[in-house]
Every structure is written in structure tokens, then in C-alpha cells.
Amino acid sequence: MSLAIDEARAAAIAGNLAVGSVIVRNGGVIGTGRNMVAAMGDPTAHAEIVAIRDAARRSGATLFEGATLYTTTEPCPMCLWAVCATGIGELVLGARHAAFVRPELGDYSAERMVELTAASLVVVTGVLVEECESLRTDLIRR
């Protein structure tokens, strides 16, 4: 998660939302990403998507079974489905959307989406939560 936090800080310095993600498999980093929506003018350039694209570029593969994605903020529905579609088996997250005022997400949570879709993804929470929440000064806290 520390590497994801570094990515989030780099995103913020570049004028993007402070979100970072890292994909790990067999003890090694296979993809890194930071939010680049503003920098790229691409509404899909969320940290998780950027990390998936990086892993695909590095490996030439599109499936990452046995991999874990660490991300500083709970993935949005678009990103979570991309994580599931690539076969990543575990999601480790820091900050939760519930910690911020996110009316556009309603009652969304990663666990609810996994349950709704019957995706095969283990969700791990509670990792460096305070550090990850403190990065997201761009969102209004409850």
C-alpha cells in the first residue's frame, strides 16, 4: 500500500485526484497507476485502470489471475469491474467512499458490487486507512 500512496501523492502533484494503485503478483510489482484524468483529459484514466493498462503493457497479457491490486481509495464501479474482468483475485483498499460525501455513488461498496455480480474477488479493507483518507483532501469529508 505504501507504493500506492506514493502514486497517489504523485497524482496530486500533477494536478489530478490523489489516488494510486499497484498490482502485485508473486511478490513483484507488475503494474502501477495513478489518477491521470486531468493530465490526460481522459475520464477513464483512474488509478486502477492506469495500473491495469501498465500491467498489460509490461506483460503482454490481459488476465492477471493470482494478482493483488492495492489502491488508496475504494474503486468506483467502472474500475472495480475492470479489476474483476482481468482476473485479479484480491483487492486491498485504504479509504472507503463511505468516509467521504459521495452522493453520486449512493450505497455503493466494492463488497456489494462483488456480491451483485458474483465475481470472484476477495476484498481486504482497513489497510492504512488514515493515511489514504488524508490524501483525499479533494473530497468533502462527512
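Note that the coordinates shown come from a computational prediction; the quantities given were computed from them, not determined experimentally.

(A) Region of the structure containing the overall build of the protein. A count of helices and strands for the protein gives six helices and five strands. Listing each helix as α and each strand as β along the protein from the N terminus yields α-β-β-α-α-β-α-β-α-β-α. By residue count, 46% of the 142 residues in the protein fall in the buried class. Considering only contacts in the protein between residues 6 or more positions apart, those separated by 24 or more positions represent 59%. Only carbon and sulfur atoms are counted for the fraction: they give 56% of the accessible area of the protein, which is about 7000 Å².

(B) Focus on the pattern of salt bridges. Applying the stated criterion across every chain, the model contains five salt bridges. A salt bridge links Arg34 to Glu7, with the shortest nitrogen-to-oxygen separation between them at 2.8 Å. Pair noted here: Arg34 is in strand S2 (residues 28-34) and Glu7 is in helix H1 (residues 2-13), with a separation of 27 residues, a long-range link. For Arg34, a relative accessible area of 30% translates into the label partly exposed. The class of Glu7 is buried, set by a relative accessible area of 14%.

Reading guide: rules and limits
Residues numbered from 1 in each chain as written. Predicted model: local features only at pLDDT ≥ 70, side-chain atom pairs only at ≥ 80, totals over all residues. Heavy atoms only, no water. Helix = DSSP H or I, 4+ residues; strand = E, 2+ residues; numbered from the N terminus. Buried < 20%, exposed > 50% of the residue type's maximum accessible area, 1.4 Å probe, protein only. Contact = heavy atoms within 4.5 Å. Areas by Shrake-Rupley, 256 points an atom, 1.4 Å probe, with all protein chains shown as cover. Salt bridge = Lys/Arg side-chain N within 4 Å of Asp/Glu carboxyl O.

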